[in-house]
Amino acid sequence: MSTHVQKPGWFTVNVFNRIVAWMTRRGISVWGSRVLAVRGRKSGQWRTTPVNLLTLDGKQYLVAPRGHVQWTHNMRAAGGGELHLGKRVDTFTAAEVGDDDKTPVLRAYLKRWKAEVGVFFNGVGPDSPDAELRRIAPDHPVFEITPTN
């Protein structure tokens, strides 16, 4: 498994993520944003972070543009979590998508959010060949989520 991680900078952590999370908690989705809540794999405490929820062919996905970050490790351990939008809380189970099956999900994710996250994909975009998307697939965890409520 890849250990690729692109840690967010000060501005992202202290300004951008906080603004998006604040808006999302108040019910304002910014291009599909949700606040992901997942239990910490060591502490058991709820951890939250803003994410983009992708719907593709009737299925829902969470993509980690920055790579194997804390929420992805926690998701693997917990097997699910909650997505918050305003007062609405959707619980779900999560199954990690294999690298060979990520290409259409990554393409759709980049098509929707390239302006926001494209920098984390090393020049690969929504119009890149399948081989390029497959090459970067190990660096970007993808989870298919199934609502449980």
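The structure we're discussing is the one just above.
Residues numbered from 1 in each chain as written. Predicted model: local features only at pLDDT ≥ 70, side-chain atom pairs only at ≥ 80, totals over all residues. Heavy atoms only, no water.

Student: For the environment of K42, give the residues involved together with the corresponding values.
Tutor: Assignment of secondary structure puts K42 in the loop between β1 (33–39) and β2 (46–56). When the C-alpha positions of K42 and N74 are compared, they lie 8.5 Å apart, and in sequence the two are 32 residues distant. (Helix = DSSP H or I, 4+ residues; strand = E, 2+ residues; numbered from the N terminus.)

Student: A description of the pattern of salt bridges should follow, citing residues and the corresponding values.
Tutor: Following the criterion strictly, the structure yields six salt bridges and no others. Between D99 and K102 there is a salt bridge, with its nearest N and O atoms 2.8 Å apart. Residue classification places D99 among the partly exposed positions, given a relative accessible area of 26%. In this structure K102 comes out as buried when scored by relative accessible area, which is 2%. (Salt bridge = Lys/Arg side-chain N within 4 Å of Asp/Glu carboxyl O. Buried < 20%, exposed > 50% of the residue type's maximum accessible area, 1.4 Å probe, protein only.)

Student: Residues and numbers for the nonpolar core, please.
Tutor: Among soluble globular proteins, nonpolar side chains are generally buried collectively. With 19 residues, the main nonpolar core has L54, Y61, V105, L106, Y109, F121 and V142 as its most contacted residues. Of all the secondary structure elements, the ones that give two or more residues to this core are β2, β3 (59–63), α3 (103–117) and α4 (130–136). At seven residues, α3 tops the list of elements feeding residues into this core. Filtering out sequence-adjacent residues up to four positions away, F121 remains in contact with P65, L106, Y109, L110, I136 and H140. If you look at the next biggest cluster of nonpolar residues, it comprises 13 residues, including L53, L62, M75 and L83. (Core = buried A, V, L, I, M, F, W, Y, C linked by side-chain atoms within 4.5 Å. Contact = heavy atoms within 4.5 Å.)

Student: How would you summarise helix α2 (residues 70–78) if you had to cite specific residues and measurements?
Tutor: Along α2, the residues classified as buried are W71, T72, N74 and M75. Viewed end-on, α2 has its buried residues packed into an arc of 160 degrees, placing them on one side of the element. As for α2, its buried residues are in contact with β1, β2, β3, β4 (80–85), β5 (88–96) and β6 (142–147). At the exit of α2 stands G79, carrying a positive phi of roughly 75 degrees. (Arc of directions from axis to C-beta.)

Student: Explain the packing of aromatic side chains to me, and be specific about the residues and the numbers.
Tutor: Overall, the coordinates contain three aromatic pairs when judged by the stated rule. Seen from their ring centres, W71 and F143 are 5.9 Å apart, and the 50 degrees between their planes marks the pair as tilted. With W71 in helix α2 and F143 in strand β6, this pair connects stretches of sequence that are 72 residues apart. The exposure class assigned to F143 is buried, which follows from its relative accessible area of 2%. An angle of 50 degrees between the planes, with centres 5.0 Å apart, marks the rings of Y109 and W113 as tilted. Highlighted residues: Y109 and W113, both in helix α3, separated by four residues, approximately one helical turn. Residue classification places W113 among the buried residues on the basis of a relative accessible area of 2%. (Phe/Tyr/Trp six-rings, centres within 6.5 Å; stacked < 30°, edge-to-face > 60°.)

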